[in-house]
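What the coordinates show
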Protein chains: 2
Amino acid sequence: MTEPRFSARRRDDARAGDKRERILRAAVKVFARKGFYASRVSEIAKAAGVADGTIYLYFKSKDELLTSLFEDRITRLLEVLRREIDAVPSGPGRVRRVVELQLGLLEGERDLAEVITVNLRQSTRLLKQYATKRFTEYLDLMALVIADAQHAGELRADVSPRIVARAIFGALDGIALTWALGNAEPGGLTRAGTQLADVLLQGLLPRPTAA
Amino acid sequence: MTEPRFSARRRDDARAGDKRERILRAAVKVFARKGFYASRVSEIAKAAGVADGTIYLYFKSKDELLTSLFEDRITRLLEVLRREIDAVPSGPGRVRRVVELQLGLLEGERDLAEVITVNLRQSTRLLKQYATKRFTEYLDLMALVIADAQHAGELRADVSPRIVARAIFGALDGIALTWALGNAEPGGLTRAGTQLADVLLQGLLPRPTAA
DNA sequence: GCGCGCTGAATCGCGGTTCAGTCACAACGC
DNA sequence: GCGTTGTGACTGAACCGCGATTCAGCGCGC
């Protein structure tokens with residue numbers, strides 16, 4: 001229903017035609033620079049190299065454009081995360097992998113980092129209605145990783161997996177936010193990820209011997 | 001310049017007259033419920049019990065209303081934090097105090113929690129221009145607490161104080177966010193604060209003996 | 001020709017902002 | 001005391017610009 005029928009193969013036009021994706025990419029760029037509300041649909045159209053009206057052939061509204069953007073990108077992220085988690089056996093290893101992976105991914109996509117950290121919260125509707133779906137899915141995944149490791153005795157069990165999951169999400173978000181808003185020095189996110197993982201893992205170890 | 005001259009003492013009207021504060025309080029409530037952009041100035045006026053135009057006697061624009069809100073509330077927070085930090089001698093004690101204090105404060109003001117966590121990011125202008133002032137001040141304060149403790153040998157020195165500060169901010173923000181958006185169970189924030197502090201402190205301890 | 005993807009100028013509603021009045025009160029002269 | 005007038009905080013209906021959305025065409029490929 002959102003997708004254009006079929007075809008759409010312009011033989012004279014080199015760019016692959018996937019206009020929907022072109023629009024999404026343009027939206028990321030524009031939203032990142034100006035924020036959702038300050039961004040004009042016409043700007044996104046221009047950035048994508050399409051007419052204003054074309055956007056409405058692929059998305060119901062400006063709002064739905066933002067929603068789709070998250071739906072799409074977060075779905076991708078969840079896929080990657082699930083795959084990686086499965087590939088790592090140890091609990092602590094998983095935590096480290098997940099933390100480093102997420103910041104590593106954003107390192108290469110500053111615009112996306114900004115959209116996720118900043119714009120996720122722009123549309124209250126988006127946050128309160130939509131986000132409580134995918135976002136919860138994300139938090140649940142993180143909490144599960146923690147809980148599993150706790151049951152295996154690899155991580156201390158005296159803290160709530162859900163709280164830890166939220167804290168990890170928040171820490172990642174906060175680091176990405178300040179990075180995206182600041183000078184975004186190269187390698188900054190990756191380095192931060194390693195350090196965050198270091199602190200988290202030591203903090204989550206089963207209580208050593210003495211409290 | 002923003003304040004009305006003087007007088008303004010209505011003897012027949014019980015409410016203390018501080019209209020500016022009344023408007024700010026109303027704004028917190030409305031922004032929290034609907035988000036900055038979805039909130040109508042007329043709604044804030046109604047909630048504050050003043051006319052639409054009155055708001056413009058105290059604030060230049062809707063934008064400036066939001067800005068003033070942060071300026072005001074964050075200034076208060078910084079004051080409280082500084083005082084508390086000075087009152088606690090040990091580094092780890094300070095970290096715990098700061099973490100627990102912030103979540104404790106928000107526990108009593110759900111609306112404010114929501115405004116800070118959600119709306120702080122609504123106005124990109126606010127974030128990029130204004131926030132880089134007070135917000136930086138906040139991060140610097142946190143980083144200083146960490147750095148001091150590191151120099152005193154109370155916390156591990158192999159992580160960047162700034163990264164830790166950002167991570168702590170993010171973790172607090174993330175926890176407050178999910179709390180404010182969720183069921184906001186009573187005591188939830190306080191409990192989360194304790195656990196977060198537990199994990200952080202263990203994680204930040206000087207490396208035990210074996211890495 | 002025809003269908004379809006696309007275009008982009010025009011529309012239309014919304015809501016931030018303005019500003020001409022209103023009103024309560026204080027100051028003043030008597 | 002008491003009318004008169006000045007002051008300025010406050011009001012709220014109307015204005016006006018903006019920008020999301022629409023839709024009457026357009027032209028390319030078949």
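Thoughts on the overall build of chain A
- Each helix and strand counted, chain A has nine helices and zero strands in total.
- Secondary structure elements of chain A, listed N to C terminal, follow the sequence α-α-α-α-α-α-α-α-α.
- Every one of the 211 residues in chain A was classed for burial, and the buried ones make up 54%.
- Within chain A, counting contacts between residues at least 6 apart in sequence, those at least 24 apart form 71% of the total.
- Of the roughly 10,000 Å² of accessible surface on chain A, 54% is carried by carbon and sulfur atoms.

A look at the pattern of salt bridges
Residues and elements named next belong to chain B.
- Inspection of the entire model under this criterion finds 28 salt bridges over all chains.
- We note a salt bridge from Arg76 to Glu21, for which the minimum N-O separation is 3.8 Å. Placement of the pair is Arg76 in helix α4 (residues 62-87) and Glu21 in helix α1 (residues 19-34), with a sequence separation of 55 residues.
- By relative accessible area, which is 15% here, Glu21 ends up buried.

A closer look at the packing of helix α8 (residues 161-181) of chain A against helix α9 (residues 188-204) of chain A
All names here are of chain A.
- Look at α8 against α9: their axes get within 11 Å of each other, and the N-to-C directions meet at 155°. With respect to α9, the axis of α8 lies roughly antiparallel. Once α8 is placed against α9, the crossing between them reads as right-handed. Residues Val164, Ile168, Ala171, Leu172, Ile175, Ala176 and Trp179 of α8 lie in contact with α9, whose contacting residues are Gly188, Leu189, Ala192, Leu196, Leu200 and Leu204.
- For the contact of α8 with α9, the per-class residue count stands at twelve nonpolar, one polar and no charged.

Section: the relation of the copies chain A and chain B
- Relative to chain B, chain A is turned by 180° and slid 0.0 Å along the rotation axis, the superposed coordinates differing by an RMSD of 0.1 Å. Both copies are brought into coincidence by an operation consistent with a two-fold rotation axis. Proximity to the rotation axis, assessed at the C-alpha, singles out Gly203 of chain A in chain A; its C-alpha lies 1.7 Å from the axis.
- Comparing interface residues between copies, 100% of those in chain A also sit at the interface in chain B, which points to an isologous, same-surface contact.

Concerning the interface of chain A and chain B
- Across the contact, 44 residues belong to chain A and 44 residues belong to chain B.
- With both sides pooled, the region where chain A packs onto chain B buries about 3,500 Å², and carbon together with sulfur makes up 62% of that total.
- Taken together, the connections running from chain A to chain B amount to zero salt bridges.
- Applying the counting rule to chain A against chain B returns nine residue pairs in polar contact (both at pLDDT 80 or more).
- Counting only elements with at least two residues in the side of chain A that touches chain B, the list comes to α1 (19-34), α6 (110-118), α7 (124-151), α8 and α9 of chain A.
- The element best represented in the side of chain A that touches chain B is α8 of chain A, accounting for 13 residues.
- The residue makeup of the side of chain A that touches chain B, split by class, is 22 nonpolar, eleven polar and eleven charged.

Overview of the environment of Leu24 of chain B
- With respect to the helices and strands, the residue Leu24 of chain B is situated in helix α1.
- Excluding residues within four positions of it along the chain, Leu24 of chain B makes contact with Phe59, Leu65, Leu69, Asp72 and Arg73 of chain B.

A word on the nonpolar core
- Judged by nonpolar contacts, the single largest core of 68 residues is most densely connected at Ile23, Phe31, Ile44, Ile55, Leu65 and Tyr138 of chain A.
- Considering every element that reaches this core, the biggest residue donor is α8 of chain A, with ten residues.
- In this structure, Ile44 of chain A is in contact with Ile23, Ala26, Ala27, Val30, Phe31, Ile55 and Leu65 of chain A, ignoring residues within four places of it in sequence.
- Counting residues in hydrophobic clusters, the runner-up holds 67 residues, among them Tyr58, Phe70, Ile74 and Ala143 of chain B.

Description of helix α2 (residues 41-48) of chain B
Residue and element names in this part refer to chain B.
- When we look at burial in α2, the residues that qualify are Val41, Ile44, Ala45 and Ala48. All buried residues of α2 lie within an arc of 100° about the axis, which places them on one face of the element.
- Packing partners of the buried residues in α2 comprise α1, α3 (52-58) and α4.
- Phi turns positive, to about 75°, at Gly49, one or two residues after α2.

About the cut-offs
Residues numbered from 1 in each chain as written. Chains lettered and ligands numbered in written order. Predicted model: local features only at pLDDT ≥ 70, side-chain atom pairs only at ≥ 80, totals over all residues. Heavy atoms only, no water. Helix = DSSP H or I, 4+ residues; strand = E, 2+ residues; numbered from the N terminus. Buried < 20%, exposed > 50% of the residue type's maximum accessible area, 1.4 Å probe, protein only. Contact = heavy atoms within 4.5 Å. Areas by Shrake-Rupley, 256 points an atom, 1.4 Å probe, with all protein chains shown as cover. Salt bridge = Lys/Arg side-chain N within 4 Å of Asp/Glu carboxyl O. Axes fitted to C-alpha atoms, helices over the stretch in contact; angles between N-to-C directions. Parallel < 35°, antiparallel > 145°, perpendicular 65-115°, else oblique. Left-handed = near helix turned anticlockwise from the far one by under 90°. Nonpolar A, V, L, I, M, F, W, Y, C, P; charged D, E, K, R; others polar. Least-squares fit on C-alpha atoms with pLDDT ≥ 70 in both. Buried area = accessible area lost by both parts, 1.4 Å probe. Polar contact = N/O pair within 3.5 Å; in protein donor to acceptor, adjacent residues only side chain to side chain. Core = buried A, V, L, I, M, F, W, Y, C linked by side-chain atoms within 4.5 Å. Arc of directions from axis to C-beta.

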